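Residues per chain are reported as follows:
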Amino acid sequence: MRHGRWRFLAGALIPALALHVVLVLSPYAQAFYLSLTDWTGVAGEAHFVGAGNYARLGGDSLFLDAVRNNAVMLVVVPLVTIGIGLFLASMMHLGGRGGRRGIAGSGAYQIVYFFPQLLSLVVIAVLWGFVYNPNNGLLNGALRAAGLGGLARSWLASPSLALPAVMAVLIWSSVGFYVVLFSAAIDGIPRELFEAALIDGAGGWATFRKVTLPLVRQSVQVAFVYLGIAALDAFAVVQVMTVGPGGPDGATEVIGLSLYRNAFQYGKFGYASAMGVALFFATLTLAVLALRPGREERAVPA
Amino acid sequence: MTSLRERPVVAAPPEPARDRRRPGSVAGVHLAMLAWAVVTTLPLIWAVISSFKTDDEILNEPWSLPASPRFSNWTRAWTEANIGRYFLNSVLVVGGALLLTMLLGSLVAYALARYSFRGNRLIYYTFVAAMFFPVFLALVPLFFVVRQLGLLGTYQGLILVYAAYAVPFTVFFLHAFFRSLPGEVAEAAFIDGCSHGAVFFRVMLPMARPGLVAVGIFNFLGLWNQYLLPLVLNPDPDRYVLAQGLAALSVSQGYRSDWSGLFAGLTIAMLPVLIAYVAFQRHIRGGMTAGAVK
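Parameters and conventions
- Residues numbered from 1 in each chain as written.
- Chains lettered and ligands numbered in written order.
- Predicted model: local features only at pLDDT ≥ 70, side-chain atom pairs only at ≥ 80, totals over all residues.
- Heavy atoms only, no water.
- UniProt positions renumbered as here; feature names shortened; annotations may be inferred.
- Helix = DSSP H or I, 4+ residues; strand = E, 2+ residues; numbered from the N terminus.
- Buried < 20%, exposed > 50% of the residue type's maximum accessible area, 1.4 Å probe, protein only.
- Contact = heavy atoms within 4.5 Å.
- Areas by Shrake-Rupley, 256 points an atom, 1.4 Å probe, with all protein chains shown as cover.
- Lys, Arg positive; Asp, Glu negative; His and termini not counted.
- Charge placed at Lys NZ, Arg CZ, Asp CG, Glu CD.
- Patch = residues over 30% accessible without salt bridge, like charges linked within 9 Å, V, L, I, M, F, W, Y side chains within 5 Å.
- Salt bridge = Lys/Arg side-chain N within 4 Å of Asp/Glu carboxyl O.
- Phe/Tyr/Trp six-rings, centres within 6.5 Å; stacked < 30°, edge-to-face > 60°.
- Lys NZ or Arg CZ within 6 Å of the ring centre and 35° of its normal.
- pLDDT = per-residue confidence, 0-100.
- Buried area = accessible area lost by both parts, 1.4 Å probe.
- Polar contact = N/O pair within 3.5 Å; in protein donor to acceptor, adjacent residues only side chain to side chain.

Going by the annotation in an unreviewed UniProt entry, the name recorded for chain B is N-acetylglucosamine transport system permease protein, with Actinoplanes digitatis given as the source organism. Quoted straight from UniProt, the Sequence similarities (unreviewed entry) entry for chain B says "Belongs to the binding-protein-dependent transport system permease family." Turning to chain B, the UniProt record has this under Subcellular location (unreviewed entry): "Cell membrane".

Chain A has the name N-acetylglucosamine transport system permease protein in an unreviewed UniProt entry, where Actinoplanes digitatis is given as its organism. Here is the UniProt Sequence similarities (unreviewed entry) comment for chain A, exactly as written: "Belongs to the binding-protein-dependent transport system permease family." Note on chain A: under the UniProt heading Subcellular location (unreviewed entry), the record states "Cell membrane".

Here's what the structure looks like:
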């Protein structure tokens, strides 16, 4: 029996651990070391340069563009997505009979909204590349059809519109997921609370602020982390959809794209690794900041 | 939950107040819901319709329906633009990676959740910590590790890497699931003389089915939509996966002018996901949101 136990445990754990150590842990560990070298991919030709790569990052204007763009996305994409998601999810519940059972057809709406979440970001980027096409794209076509032809733009080619256009795609593709997530969270709120709010004469907005929002807070925090991570990435959409890619003139450059280009086009593997480390600390900071206050707060009522 | 929901409504008095609010706001709510539904579906429907049009129709009448549906766009995309090949590559790689991920992930999760031994926690955190690192950080060294192993541009290499990066979340998710299962059935099986492996495969794994389905759906979509890993590790155009092939087509000069072919390729790429969604939409939404919250 004991013998069989150890044999089973070894068989269950060792293959996965081997795969994990070789393909996941060791690359992560190597990245930190590589970021301190000037390695260009030739075996044995890596020189230790200390913080040199990190110092160069500060003077790399394209990388600074990338940091700025990712920072803008990090603020705008989660805020707008969560805003629309919460609005639609609470509308579904407050608009229905009985306070929160849901408006007629809300199930069908959720099915439709959720679909883009399933598509690969590449498919979404190719699709929206067509939508934004200045001559025969859907967006300009719709504007012209509505008599607003003056608003038609070459969306991805103009420096001031390209980044908003990219963010709109990220928001479009994720709203549905968060409608479903928030809707499930609202379903979990005890019905009595909504009824009490009704008895107290609270209107829709007051009910949302005083009842719904505090009770779905945890879901909103999770959403911030997930959307923040997606906003720090944005690689696939930018790489497939934008001119350059990353253009025009760095207007849609993101950290992941800089990293990819420096590593696999210029062969600056040490420098690219420093960008990876920077991205790692950005992600870590985001997760800690977004999840920390919630944990303290939850500890009090529980 | 159900008992709460079916409890008779106590709040009879506020009924008039509720009704006063209703007619206008309900219309407004429907309008808002409908607006987002249009925003969501219009680009998708437009792409599908465009895949049946001629290039001329696409360029000159972006809004019209095709005069006669051209299925030749689809066959051209499938064969000449290699979408068919990319599709089969995706099926092969994702199928292999999904099987490997589920096998390794459930074994590790079960072993860590149901057996206590020295180092158990350490192994668990070794896996779970990997979820908090961006893949971009590993990208450069990973490329060289895979190249050194002679696996660059091979199906096996891609399958192993996909699985390696999907296992941590699978372990994390299923660990909680295996912990919540009752132990009596397994004990009874042990008394009946089952080996450890048999208890896992014949007793525990079937009991964990809901969890396996949820995490399986989550993994399938994640792997099917992978782009960054194949972009770096799979440079051979003959072995491109679907996302990679579609991206390459959309930026290659030769296909820039073949609008109808690209729309057809795009539609082919969306179709299996749409069919799976229509068939299993409840499962898929449940599985994915559970995956995000856990």
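What follows picks up the thread again.
This paragraph deals with the overall build of chain A. A tally of helices and strands in chain A yields 13 helices and zero strands. Mapped from its N terminus to its C terminus, chain A presents α and β elements in the order α-α-α-α-α-α-α-α-α-α-α-α-α. Here the C-alpha coordinates of chain A stretch approximately 75 × 75 × 35 Å along the principal axes. Looking at chain A as a whole, 54% of its 302 residues are labelled buried. Sequence separation of 24 or more characterises 66% of the internal contacts of chain A that already satisfy a separation of 6 or more. Roughly 12,700 Å² of accessible area belongs to chain A as shown, and the carbon and sulfur atoms make up 66% of that amount. Across chain A, the mean location of the 19 positive side-chain charges is 8 Å away from that of the 13 negative side-chain charges.

Within chain B one finds 15 helices and zero strands. Per-residue burial over chain B gives 52% buried out of 294 residues. Expressed as a percentage of contacts within chain B between residues at least 6 apart in sequence, the contacts between residues at least 24 apart total 72%. Roughly 13,600 Å² of accessible area belongs to chain B as shown, and the carbon and sulfur atoms make up 66% of that amount.

What follows is about a nonpolar patch on the surface. Together, B:L34, B:V38, B:L42 and B:W63 make up a nonpolar patch on the protein surface, roughly 360 Å² of accessible area in all. Within the element layout of this structure, B:W63 appears in the loop between α3 (55-60) and α4 (72-79).

Turning to the packing of aromatic side chains, a few remarks are in order. Tallied over the full model, the rule gives 44 aromatic pairs over all chains. Between A:W39 and A:F269, the aromatic rings sit 6.0 Å apart at their centres with planes inclined by 50°, giving tilted as the arrangement. Within this pair, whereas A:W39 is found in the loop between α1 (2-34) and α2 (52-59), its partner A:F269 is found in helix α13 (residues 269-299), the two being separated by 230 residues in sequence. In this structure A:W39 comes out as buried when scored by relative accessible area, which is 12%. Measuring from ring centre to ring centre gives 5.9 Å for B:Y86 and B:Y240, while their planes differ by 45°; the resulting arrangement is tilted. Here B:Y86 is found in helix α5 (residues 83-114), whereas its partner B:Y240 is found in the loop between α12 (228-233) and α13 (242-251), with 154 residues between them in sequence. Judged by relative accessible area, B:Y240 falls into the buried class, the value being 17%. The aromatic ring of A:W6 is capped on one face by A:R5, whose charged end is 5.3 Å from the ring centroid. Of note, A:R56 hangs over the ring of A:Y271, and the distance from its end group to the ring centre comes to 4.2 Å.

Looking now at the confidence of the model for chain A. Residues and elements named next belong to chain A. Taken residue by residue, chain A gives an average pLDDT of 85. The fraction at 70 or more is 92%. Mean pLDDT across the secondary structure elements of chain A bottoms out at α13, with 79, and peaks at helix α12 (residues 255-264), with 93. Note on residues 295-302: pLDDT is under 50 here. Beyond four places in sequence and across chains, it has three contacts.

Backbone torsion omega between A:G244 and A:P245 reads -10°, so that peptide bond is classified as cis. Mapped onto the fold, A:P245 is located in the loop between α11 (235-241) and α12. We note that B:N82 has phi near 70°; this positive angle belongs to a residue other than glycine. Note that B:N82 resides in the loop between α4 and α5.

All names here are of chain A. Here, the residues flagged by UniProt with the feature "transmembrane region" (unreviewed entry) are residues 71-90, 111-131, 161-181, 219-241 and 269-291. Span residues 161-181 is 100% helix and 0% strand, its end C-alpha atoms 30 Å apart. Within the segment residues 269-291, helix and strand shares are 100% and 0% respectively, and the terminal C-alpha atoms sit 33 Å apart.

Under the local residue numbering, the UniProt record ascribes the feature "transmembrane region" (unreviewed entry) to residues 28-49, 86-110, 122-146, 158-178, 199-224 and 259-280 of chain B. Here residues 28-49 of chain B runs as 100% helix and 0% strand, with 30 Å between its end C-alpha atoms.

A few words on the interface of chain B and chain A. Across the contact, 100 residues belong to chain B and 100 residues belong to chain A. It is B:M33, B:W36 and B:F136 in chain B that bury the most area against chain A; as a group they hold 9% of the surface buried on that side. Linking chain B to chain A there are zero salt bridges. The interface formed by chain B and chain A contains 11 residue pairs in polar contact (both at pLDDT 80 or more). Per-element tally for the side of chain B that touches chain A: the top contributor is helix α2 (residues 15-50) of chain B, with 20 residues.

To continue, consider the environment of B:P235. Residues and elements named next belong to chain B. The topology assignment puts P235 in the loop between α12 and α13. Spatially, the C-alpha atoms of P235 and L152 are 7.9 Å apart, while their sequence positions differ by 83 residues. Non-local contacts of P235, meaning those with residues more than four positions away in its chain, are made with G153 and Y240.

Quick look at the pattern of salt bridges now. The full count for this structure, using the stated rule, is five salt bridges over all chains. Here A:E253 and A:R261 are joined by a salt bridge, their closest N and O atoms 3.0 Å apart. Grouping residues by exposure puts A:E253 and A:R261 together as buried. Of the charged contacts, one joins B:R85 and B:D238 as a salt bridge, the two residues approaching to 4.0 Å between their closest N and O atoms. In this pair, B:R85 sits in helix α5 while B:D238 sits in the loop between α12 and α13, placing the two residues 153 residues apart along the sequence. For B:R85, a relative accessible area of 40% gives the class partly exposed. Classification of B:D238 by relative accessible area gives partly exposed; the value is 43%.

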